[in-house]
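Structural features, examined
Here's the letter readout for the chains.
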Amino acid sequence: MNEVKIGLIKEGKIPTDRRVPMIPEQAREIHELHPSVTVFCEKSNIRCFKDEEYEQHGVTLTDDVSGCDVLLGVKEVPISDLIADKTYFFFSHTIKKQEYNRSLLQAIVQKKITLIDYECLTDLSGRRLIAFGRYAGIVGAYNGILTYGKRYNLFNLKRARDCFDLEELKKECIKAKLPKIKIVLTGGGRVTKGAMEVLNGMDIRRVSPAAFLEERFDGPVYTQLNARDYNTHKEGKPFKRGEFYKDPVDYESGFLPFARVADMLIAGAYWDPRAPVLFTREDILKKDFEIKVIADITCDIEGSIPSTKKPATIDDPIYDYNPSEDKVEPALSDEANITVMAVDNLPGELPRDASRDFGFELVNHVLPNLLYEDKDEIIKRATIVEKGKITERYNYLQDFVNGK
């Protein structure tokens, strides 16, 4: 293998994100495992791991990563920071034709960059190989409980971002004393499992979807819904998981029965724009819609949840949604509003733990396919743009890039 220079870039997106694609020990490990690979670290004053920590592990600090072959970041790279003709790894948030990142994708094409998106790194069965999902779920559920406590003046917990690590957050969780509320949690992947860690850690009882709808309980409970639990075939046919994920247009939402009995929603399910929305603004306006707090971990703007009108930030994580006027209002401003927690970089509140787990997957399951033979086409499937050209797998983005 020829010599390869990998650069860890400074995060440039505002608001800032303190996560890193690999921690100092992992950067050293790469060179030990692959002697022809050298890791450089662009100097940064915002990372959760200080420059000196990388330097202590033999990683070269630099002000200029333009000499590197592969550049690793986390969030979208600002257009002004993009270096032509390089290979980049980061979460681009473009594969759903996100309008706010159209200009970013256009610049990547123009600068003849190769873009490999972490979100698209999958095994042969389609399972994602690398993600911050577990920590999004952990922080999202924690923030949701914190938001519920604030709305009803029940308790005050330390913010997740103010906890040193996951262990401190877990200790903080048990301080919350919830009334007899019902929480509905959607999804079945990493995000949802992370959220369940928090709910289970708080001794919130898990019940079946049927019991959730029909029974009353003496304490707080939650139910976890998979796609089959809240999507129904328009013609009354049985739910078929493969059919739904391949082409969900024949299905409609069956979520409203849960909205009539739930006090809080934690949304952790991936949403395909072709799939039915969870519920509509008109549904919220019905008198029997009971949900008052929504922790939207997915944070799909104008997606499956109509109250998610904008992303919140770690510094300002909640806002109110006024369904009567379909607009955002200041947090906790009116009892008739829904309080929304929709931070789009939740793992950034536990950056050290999240980065450690992410980097482990990157070093062990992704980089070998980049450096040697991409035998399962892991890198190929995740390459959205190759040397300035939209790849065949993502050719549906060509019109988007062309401005249509």
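Conventions used here
- Residues numbered from 1 in each chain as written.
- Predicted model: local features only at pLDDT ≥ 70, side-chain atom pairs only at ≥ 80, totals over all residues.
- Heavy atoms only, no water.
- UniProt positions renumbered as here; feature names shortened; annotations may be inferred.
- Pairing = 2+ DSSP bridges.
- Helix = DSSP H or I, 4+ residues; strand = E, 2+ residues; numbered from the N terminus.
- Contact = heavy atoms within 4.5 Å.
- Axes fitted to C-alpha atoms, helices over the stretch in contact; angles between N-to-C directions.
- Core = buried A, V, L, I, M, F, W, Y, C linked by side-chain atoms within 4.5 Å.
- Buried < 20%, exposed > 50% of the residue type's maximum accessible area, 1.4 Å probe, protein only.
- Bend = angle between axes of the 7 residues up to and from the residue.

If you look the chain up in an unreviewed UniProt entry, it shows as Saccharopine dehydrogenase [NAD(+), L-lysine-forming] from Agaribacillus aureus. We quote the UniProt Sequence similarities (unreviewed entry) comment for the chain here in full: "Belongs to the AlaDH/PNT family." In its Subunit (unreviewed entry) section, UniProt records this for the chain: "Monomer."

**Thoughts on the sheet that holds strand β8 (residues 205-206)**
Across the sheet, eight strands lie side by side as β8-β9-β7-β12-β13-β16-β14-β15; this open sheet has mixed pairing. Two strands close off the open sheet at either side, each with one partner strand: β8 and β15 (327-329). Taken together, the two bridges between β8 and strand β9 (residues 221-225) define a ladder with parallel strand orientation. Considered in β9, the bridge of Arg205 is made with Val221. Here helix α6 (residues 190-201) sits on the sheet in contact with β7 (182-186), β8, β9 and β12 (264-267), set at roughly 155° to β7.

**Some remarks on the nonpolar core**
In terms of nonpolar packing, the biggest core is built from 130 residues, with Tyr118, Leu121, Ile145, Phe255, Leu265, Ile266 and Phe279 touching the most fellow members. It is helix α4 (residues 133-151) that contributes the most residues to this core, nine residues altogether. In contact with Phe255, other than residues within four places in its own chain, are Val184, Thr186, Leu225, Tyr230, Leu265, Leu278, Phe279 and Ile291. Counting six residues, the second-largest nonpolar core is a separate cluster that includes Ala227, Phe239, Tyr251 and Ala275.

**What about helix α12 (residues 351-371)?**
Working note: α-helix, 3.6 residues per turn, so residues spaced by three or four point in the same direction. A maximum bend of about 40° is found in α12 at Val363. For α12, every residue scored as buried is listed here: Pro351, Asp353, Ala354, Ser355, Phe358, Gly359, Leu362, Val363, Val366, Leu367, Asn369 and Leu371.

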